[in-house]
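Read off the chains here:
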2 protein chains.
Amino acid sequence: MNVDWLDMMTTPAALVDLDRVDANLKRVAMYTRQHGLRWRPHTKTHKTPEFAALQLAAGAQGVTVATVREAEVMATVCDDILLAYPPVGDDRLTRLMALPPHVRLTVALDSGEALEMLSRAARRAGRTVGVLVELDLGMRRVGVQSPEDAVALARAVTSSSGLEYRGITFYAGHLRMPQAELGDAMREQSVRLATYVDTLADAGLRPKTVSGGSTPTLWRSHEVAGLTEIRPGINIFNDRNAVSVGACPWEECAYSVLATVVSTTVPGQAVIDAGSKALAKEEGFTDTGVYGALLDRPDVLVRGLSEEHGLLDLSSTDWRPRVGDRVRVVPNHACASVNLHDRLHLLRQSTWAGTHAITARGW
Amino acid sequence: MNVDWLDMMTTPAALVDLDRVDANLKRVAMYTRQHGLRWRPHTKTHKTPEFAALQLAAGAQGVTVATVREAEVMATVCDDILLAYPPVGDDRLTRLMALPPHVRLTVALDSGEALEMLSRAARRAGRTVGVLVELDLGMRRVGVQSPEDAVALARAVTSSSGLEYRGITFYAGHLRMPQAELGDAMREQSVRLATYVDTLADAGLRPKTVSGGSTPTLWRSHEVAGLTEIRPGINIFNDRNAVSVGACPWEECAYSVLATVVSTTVPGQAVIDAGSKALAKEEGFTDTGVYGALLDRPDVLVRGLSEEHGLLDLSSTDWRPRVGDRVRVVPNHACASVNLHDRLHLLRQSTWAGTHAITARGW
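The rules we used
- Residues numbered from 1 in each chain as written.
- Chains lettered and ligands numbered in written order.
- Predicted model: local features only at pLDDT ≥ 70, side-chain atom pairs only at ≥ 80, totals over all residues.
- Heavy atoms only, no water.
- Axes fitted to C-alpha atoms, helices over the stretch in contact; angles between N-to-C directions.
- Helix = DSSP H or I, 4+ residues; strand = E, 2+ residues; numbered from the N terminus.
- Parallel < 35°, antiparallel > 145°, perpendicular 65-115°, else oblique.
- Left-handed = near helix turned anticlockwise from the far one by under 90°.
- Contact = heavy atoms within 4.5 Å.
- Nonpolar A, V, L, I, M, F, W, Y, C, P; charged D, E, K, R; others polar.
- Pairing = 2+ DSSP bridges.
- Least-squares fit on C-alpha atoms with pLDDT ≥ 70 in both.
- Buried < 20%, exposed > 50% of the residue type's maximum accessible area, 1.4 Å probe, protein only.
- Right-handed = clockwise from strand over helix to strand, strands pointing away.
- Domains from an automatic or database assignment.
- Buried area = accessible area lost by both parts, 1.4 Å probe.
- Salt bridge = Lys/Arg side-chain N within 4 Å of Asp/Glu carboxyl O.
- Polar contact = N/O pair within 3.5 Å; in protein donor to acceptor, adjacent residues only side chain to side chain.
- Expected span 1.5 Å × (residues − 1).
- Arc of directions from axis to C-beta.
- 1 Å grid on protein atoms, 1.4 Å probe; cavity = no way out; pocket = protein on both sides within 12 Å on 5 of 7 lines; lining within 4 Å.
- Points joined across faces, edges and corners; volume = space filled by probe spheres on them.

Explanation requested: the packing of helix α7 (residues 147-158) of chain B against helix α8 (residues 182-202) of chain B in the structure shown.
When two helices pack together, their arrangement is given by the angle between the helix axes and by the axis-to-axis distance. All names here are of chain B. Close contact between α7 and α8 brings their axes to 9 Å; oriented N to C, the two are set at 45°. It follows that α7 is oblique to α8 by the angle criterion. The chirality of how α7 crosses α8 is right-handed. Along the contact surface, α7 presents Pro147, Glu148, Ala150, Val151 and Ala154, while α8 presents Thr195, Tyr196, Thr199 and Leu200. Looking at the contact of α7 with α8 residue by residue, the classes come out as 6 nonpolar, 2 polar and 1 charged.

How should I be thinking about the sheet that holds strand β8 (residues 209-212) of chain A in this particular structure?
Read from one edge to the other, the open sheet built from 8 strands follows the order β2-β9-β8-β7-β6-β5-β4-β3 (chain A), with strand pairing classed as parallel. Edge positions in the sheet fall to β2 (38-39) and β3 (63-65) of chain A, since each has one partner strand and no second.

Got a minute to help me understand the relation of the copies chain A and chain B in this structure?
What relates the two chain copies is a rotation about an axis together with a slide along it. In screw terms, the move from chain A to chain B is a rotation of 180° and a rise of 0.0 Å along the axis, fitting with an RMSD of 0.0 Å. Read as a symmetry element, the transformation amounts to a two-fold axis. With an isologous cut-off of 70% or more, the 100% of interface residues of chain A that recur at the interface of chain B puts this contact in the isologous class.

I tried to follow the pairing of strand β5 (residues 104-109) of chain B on my own but got confused; where do I start?
The side chains of a regular strand alternate between the sheet's two faces. All names here are of chain B. The buried fraction of β5 amounts to 5 of the 6 residues, a majority that puts the element mostly inside the structure. Across 4 bridges, the pairing between strand β4 (residues 80-83) and β5 is parallel. If you follow leucine 82 over to β5, its bridge partner there is threonine 106. In this region the chain leaves β4, passes through helix α5 (residues 90-97) and returns to the parallel neighbour β5; the handedness of that crossover is right-handed. With 4 bridges connecting them, β5 and strand β6 (residues 129-134) associate as parallel partners. Each bridged residue has a counterpart across the sheet, and for alanine 108 the counterpart in β6 is leucine 132. In the classification by handedness, the crossover that spans β5, the intervening helix α6 (residues 112-125) and the parallel β6 is right-handed.

Honestly, the domain arrangement of chain A in this entry has me stumped. Any pointers?
Size of an interface, as often reported, equals the accessible area lost when the parts are brought together. Residue and element names in this part refer to chain A. Domain boundaries assigned for chain A yield domain 1 (3-14 + 245-357) and domain 2 (18-236). A buried area of about 1900 Å², summed over both sides, lies between domain 1 and domain 2, and 57% of it is on carbon and sulfur atoms. Inspection of the domain 1/domain 2 interface yields 3 salt bridges. Across the pair glutamate 252 and arginine 27 runs a salt bridge, and its minimum N-O distance is 3.1 Å. Taken together, domain 1 and domain 2 are joined by 10 residue pairs in polar contact (both at pLDDT 80 or more). Counting residues per element, the ones that place at least two in the side of domain 1 that touches domain 2 are α11 (334-338), β16 (343-348) and β17 (351-357). By residue number, the principal contributor to the side of domain 1 that touches domain 2 is β16, which donates 4 residues.

Even after reading the chapter, I still don't get helix α2 (residues 18-34) of chain A, so can you show me in this structure?
An α-helical segment advances 3.6 residues per turn. Residues three or four places apart therefore align on the same side. Residue and element names in this part refer to chain A. Taking 1.5 Å per residue, 17 residues should reach 24 Å; α2 reaches 24 Å between its end C-alpha atoms and fits that length. Among all positions in α2, only Leu18, Val21, Asn24, Leu25, Val28, Ala29, Tyr31 and Thr32 are buried. Down the axis of α2, the smallest arc covering the buried residues is 165°, so these residues share one side. Set apart from the buried face of α2 by more than 90 degrees, the exposed residues are Lys26, Arg33 and Gln34. Two residues or fewer past α2, glycine 36 is found with a positive phi of approximately 65°.

Before we go on, may I ask you to explain empty space enclosed by the protein in this structure?
Taking a probe equal in size to a water molecule and rolling it over the atoms shows the remaining empty space. Taken as a whole and assessed by the stated rule, the structure comprises 9 cavities of 30 Å³ or more. Within this model, the largest cavity holds a volume of roughly 160 Å³. Along the wall of the largest cavity there are 16 residues; nearest its centre are A:Ser276, A:Ala280, A:Lys281, A:Leu340 and B:Ala280. Among the elements of the structure, α10 (276-279) of chain A together with α10 (276-279) of chain B are those that each provide at least two residues to the lining of the largest cavity. Of the residues that constitute the lining of the largest cavity, the class distribution is 6 nonpolar, 4 polar and 6 charged.

Would you explain the environment of A:Trp363 in this entry?
Looking at where A:Trp363 falls in the secondary structure, it is placed in the segment after β17. When its relative accessible area of 15% is taken as the criterion, A:Trp363 is described as buried. On a C-alpha basis, the gap between A:Trp363 and A:Glu72 in space is 9.9 Å, while along the polypeptide they are 291 residues apart. There is a polar contact of 2.9 Å between the side chain of A:Trp363 and the side chain of B:Glu308.

This is how it looks when you write it as structure tokens:
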């Protein structure tokens, strides 16, 4: 580590280890090639066009976005974008239709209302927009609730001008258990998915694209029969939650927040200047009351967070940091932490290698 | 409500009801005048110089900040600033000393290391910086742990060039219970505080300033013997947590997030486009698994949050929103939500009245 440089930075600061990012991308590129899956990473994790460009260079065939702002920013580096979010609201639709015409746009939706709004906007813009029908395979957030509803919506897409039916999509964000416990859940998901695919096929609406995937289920995606595309987000950086479910080892965490120790008066703890406004107060997948851990000392946990204070629990270590010392924290949820920063500081071979502005924040 | 305007905005959007802000400020100004307390609101809630200026116009005698960035921004409207945060780190100190020379600067600290760093920086800048010794009265976050430590640190301040001993400060952020249950905790706090004040006085270090106060304890500040100044932050906007402990009625909530209903497929719920990246995922003071409630229907709770999705629980209402409908959500914690937005949209008499950029975010 280039200590001089790390000592001079304003803290808290968001750091990305580019060597680890390269390795993380290579790994998923190899996996998807091996299993004949398309790779459409979700850019909500980094919200940074430079990292989307890296993903495309590593083999991604397009990107996923959740917001129009992300679509606008990613359109500067990518011409194949999936908006995995219901395109509801005039402002959302107007800006979506104003994306550069060469962008192949696909939108996920789950309602007749969203369909009609999108069709009207596409017609008005003289644009063809692809549609994936969103399924609920158990997360209970968005998505049609039955194969019959999927058929009805897919059929409505095929008969709507300006729209093109491209398949189905789902997000299994509720599968957040250790890899060893994933088997049953993945099999159940496969069975539910097959019912949808078969019912659609029987209706003459066989989906060309079947899009799914998350970071916790990433390496078992090939077990989901019929899946054609995956959309992992966090995997580029990884985080404490990804490690906790065995989606990666600790050494593959590429994102951390540099922080300064500002107080050590309370016995058994040290206070750092990375609080909920730098790390994000997100509970862990497999524990509660812990919000992160030190990159170089994973046994030292962040046990409390207020806005500008993080409390390091020193009960399991003899290490006693001093006021002014600097540490790097891996937060539970990288996406939520990145979203709190203006820029990502880049490390290459442990040396400062520039910054990327996080330009796709907001809406 | 000016429906046309609210229908046209990009959602999610942060809204502030200026009429309610005025009333909230008037109320605390009257309370502090009545009880002879100085009022130094914490600007971390709004991070917006225009709102600091409103607070000063309403009678605040100065402002409180947690970060150097907040100090830099608030210095454009205020010449009496308390940095209620240990000033540790070269960058922090360099920028602090570069604040306009007419700004009367006071800093809270709890360690010899922070003291030495600040003294050295003040000397180098040819500046006199006030110091409040930070006490831990039970929160166990920062602050000296005994009256003897307070005396030692206060004495060190008086003998450090560039520094001026101005008193003591504490933050009782752990007192987050309903008003009716606050009595014992406030009395215990008073007793502990008195021990500090008496021990300091015996050592010839009687504190001129005794600074405390939070929004949950705001209206009981006069019960704390010896308190000279309070620093409530949230009170200008209020939030669901403030209501939950009885610090204000629901009708005094001035901050909300405008959101659009984007999906209603899952029975008993509606999904809005305000998720953890708009509302902040902060547990309630008095309940768990709830992250906010609708401004106009407080019985409709936000029961789940992912990054761009909020789940409205419709189990306690007959109301069934449609895709495209708009709602306003009061989050649990206003400070954390405001920090996720670029600007605050202002309402006056329910009509759009401009925007303020939230310029003091980041560090």
